[in-house]
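The residues making up each chain are set out below.
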Amino acid sequence: MVEELTDVPFHIARAYWVYDVPGGESRGGHAHKRLKQFVVALSGSFNVTLDDGKEKRTFHLNHPYQGLLIETGIWRTLDDFSSGAVCLVLASEPYEEEDYIYDYNEFIEYKRCLK
């Protein structure tokens, strides 16, 4: 069970899941300008690497009772999915293409301009 503003520190505007990721493939590879996410491994396991433009940290998610909060302005990559892994993502905003940054160099420039 999860409740917005109690277990997740934002209103949940969208939920989606990632599954059947082929071995060796990754997901993510982008950042958001406004959107926050809460990521949970409902089944199996995977790694989430977060990059703020200066430091990278990798988190191994493998318990459905734990989640990872991803704030705005963070580059994220999900990889090393186990067989049968299911990743649940709770998002603070509806899908908006203009909120995404897909180019890493553009992301670094975006972060530089925020200072």
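Each remark here, short or long, concerns the structure printed above.
Residues numbered from 1 in each chain as written. Predicted model: local features only at pLDDT ≥ 70, side-chain atom pairs only at ≥ 80, totals over all residues. Heavy atoms only, no water.

A description of the layout of surface pockets should follow, citing residues and the corresponding values.
The volume enclosed by the largest pocket comes to roughly 170 Å³. Looking at the largest pocket, the residues that line it are M1, V2, D7, F38, V40, L42, P64, Y65, Q66, G67, L88 and L90. Counting only elements with at least two residues in the lining of the largest pocket, the list comes to β3 (37–43) and β8 (86–91). Considering each element in turn, the lining of the largest pocket owes the most residues, three residues, to β3. Grouping the constituent residues of the lining of the largest pocket by class yields nine nonpolar, two polar and one charged. (1 Å grid on protein atoms, 1.4 Å probe; cavity = no way out; pocket = protein on both sides within 12 Å on 5 of 7 lines; lining within 4 Å. Points joined across faces, edges and corners; volume = space filled by probe spheres on them. Helix = DSSP H or I, 4+ residues; strand = E, 2+ residues; numbered from the N terminus. Nonpolar A, V, L, I, M, F, W, Y, C, P; charged D, E, K, R; others polar.)

Describe in detail the environment of K115, supporting the description with residues and values.
Positionally, K115 belongs in the segment after α1 (104–114). Residue classification places K115 among the exposed residues on the basis of a relative accessible area of 71%. Sequence spacing of K115 and S45 is 70 residues, and the spatial spacing of their C-alpha atoms is 35 Å. (Buried < 20%, exposed > 50% of the residue type's maximum accessible area, 1.4 Å probe, protein only.)

Give me the side chain of D99: which residues, what numbers.
Within the element layout of this structure, D99 appears in the loop between β8 and β9 (100–101). Take D99: its relative accessible area is 4%, and that puts it in the buried class. One polar contact links D99 to H32, side chain to side chain, over a distance of 2.9 Å. With residues near it in sequence (within four places) discarded, D99 still touches A31, H32, K33, R34 and L35. (Polar contact = N/O pair within 3.5 Å; in protein donor to acceptor, adjacent residues only side chain to side chain. Contact = heavy atoms within 4.5 Å.)

Give me the sheet that holds strand β2 (residues 27–32): which residues, what numbers.
In space, the five strands of this open sheet follow the order β5-β4-β7-β2-β9, with antiparallel pairing throughout. The outermost strands of the open sheet, each flanked by one partner alone, are β5 (56–61) and β9. One ladder, built from five bridges, connects strand β4 (residues 46–51) with strand β7 (residues 75–79); its direction is antiparallel. In the sheet register, L50 faces β7, and the bridge partner there is R76. (Pairing = 2+ DSSP bridges.)

Account for empty space enclosed by the protein, naming residues and giving values.
Enumeration over the complete set of coordinates arrives at one cavity of 30 Å³ or more. Taken as a whole, the largest cavity encloses approximately 30 Å³ of empty space. In this structure, the largest cavity is lined by R34, E93, P94, E96 and D99. Its residues assigned to classes, the lining of the largest cavity shows one nonpolar, no polar and four charged.

Describe the pairing of β8, with residues and values.
In summary, the side chains of a regular strand alternate between the two faces of the sheet. In terms of burial, β8 is largely enclosed, as five of its six residues are buried. In the sheet, strand β1 (residues 14–19) pairs with β8 via six bridges, with the strands oriented antiparallel. Looking at β8, one finds that Y19 is bridged to V86. As paired strands, β3 and β8 are joined by six bridges and run antiparallel to one another. For S43, the partnering residue across the bridge sits in β8 and is V86.

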